[in-house]
Amino acid sequence: MRSSWRNILFRTNNNEVQVFGAPTSSEQSEKTIQHITEKFPNKKITSVYVTHLHGDHIAGLGSYAKIGALIRADAYTIEAIKEYPPFSDQIHTFKFHTIKHEQSIDGVSFYVLENAHSKRQSFAFFNESGLIYQADFLQIPFDNTLTKVLPAHTGVFIDFVRSKQLPVRRIVGHHFNYNISLKVMDKASQANMM
Ligand SMILES: [Zn+2]
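Here is a short report on the structure shown in this document. Not measured: the values here are computed from a predicted model.

With respect to the overall build of the protein
- When helices and strands are tallied, the protein shows six helices and 12 strands.
- Rg of the C-alpha trace for the protein: 16 Å, near the compact-globule value of 16 Å for 194 residues, within the 12% margin.
- In terms of overall dimensions, the protein has C-alpha extents of about 50 × 35 × 30 Å along its principal axes.
- By residue count, 35% of the 194 residues in the protein fall in the buried class.
- Summarising the internal contacts of the protein: among those between residues at least 6 apart in sequence, 64% fall at separations of at least 24.

Rendered as structure tokens:
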């Protein structure tokens, strides 16, 4: 699902819907929740996953807390969510689930990396489909044009994906391009050496 250049992913599992990404605002999340509820009236949104602590990625979490969904993130990010001023009235209602590096939940593996963008940032790998969902590690425009200089945190991500030899078929970016191929990822990493 795409809105305002933000890509939110959801995955159904029996009677559950797991959401990946909770950007920008409660209004945005309410739209997403409404869309999912219309599409799957008999399923319940049980969790929402966020990759890192930046406000534009967590600001929509309040709407998920209201419907009782579990909020998934790494420990560092959860601490930041607890301190996020706009949530202060509501934070006692948030239910958290802490993701550990290399943890697998229902066929999704989570990886938490140290990086210069946000100290900790995680991404999700869907074991069966070979899809990665990530936010600010790798941002590629829709036309796949690449910049000449690669940010350090993008390098950290690419090196990790390669060293793990994850069988990746597609990378979904939370921003912009939601269908990044490995070829484009490889091209992006070469940019660094120019
Ligand atoms: Zn960020």
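Some points on the sheet that holds strand β10 (residues 119-126)
- Taken together, five strands build an open sheet; the order of strands is β8-β9-β10-β11-β12 and the sheet is mixed. In the strand order of this sheet, the two ends are held by β8 (103-105) and β12 (170-173), each with one partner. With strand direction ignored, the average angle separating the axes of adjacent strands in the sheet is 25°.
- For β8 and strand β9 (residues 108-115), the ladder comprises three bridges, and the chain directions are antiparallel. Looking across to β9, one finds that S104 is bridged to S109.
- Of the strands in this sheet, β9 and β11 (131-134) touch helix α5 (residues 152-164), which is tilted by about 140° from β9.

Notes on the nonpolar core
- Counting 42 residues, the largest nonpolar core has V48, L61 and A124 as the members making the most contacts within it.
- Take this core: its biggest share by element is five residues, from β9.
- Discounting chain neighbours no more than four positions away, the residues touching L61 are A22, V48, V50, I71 and I81.

Here's the deal with the pairing of β10
- Most of β10 is tucked away: seven of the eight residues are buried.
- Alignment of β9 against β10, held across eight bridges, turns out to be antiparallel. Residue pairing in the sheet places Y111 in a bridge with F123 of β10.
- Two successive antiparallel strands, β9 and β10, enclose a turn made up of three residues.
- Relative to β11, β10 runs antiparallel, the two sharing three bridges. The partner of F126 across the bridge, within β11, is L131.
- The loop that links β10 with its antiparallel partner β11 comprises four residues; one of these, G130, has a positive phi angle of about 70°.

Concerning the sheet that holds strand β6 (residues 70-74)
- The five strands lie next to each other as β3-β4-β5-β6-β7, forming an open sheet whose pairing is mixed. Every interior strand has two partners, whereas the edge strands, β3 (9-13) and β7 (95-99), have only one. The mean angle between the axes of side-by-side strands here comes to 25°, regardless of whether they run parallel or antiparallel.
- Looking at chain direction, β3 and strand β4 (residues 16-20) are connected through five bridges and run antiparallel. Bridge pairing in β4 places R11 opposite Q18.
- Where helix α4 (residues 75-83) meets the sheet, it contacts β6 and β7, and its direction lies at approximately 125° from that of β6.

Focus on the environment of I140
- Relative to the elements of secondary structure, I140 occurs in the loop between β11 and α5.
- Here the alpha-carbon distance between I140 and F176, two residues 36 residues apart in the chain, equals 6.3 Å.
- Once you skip the residues sitting within four places of it in the chain, I140 turns out to touch G173, F176, N177, I180, V184 and A188.

Thresholds, definitions, all that
- Residues numbered from 1 in each chain as written.
- Predicted model: local features only at pLDDT ≥ 70, side-chain atom pairs only at ≥ 80, totals over all residues.
- Helix = DSSP H or I, 4+ residues; strand = E, 2+ residues; numbered from the N terminus.
- Rg over C-alpha atoms; globule rule 2.2 N^0.38 Å.
- Buried ≥ 20, exposed ≤ 12 C-beta atoms within 10 Å, placed from the backbone.
- Contact = placed C-beta atoms within 7 Å.
- Pairing = 2+ DSSP bridges.
- Axes fitted to C-alpha atoms, helices over the stretch in contact; angles between N-to-C directions.
- Core = buried A, V, L, I, M, F, W, Y, C linked by C-beta atoms within 7 Å.

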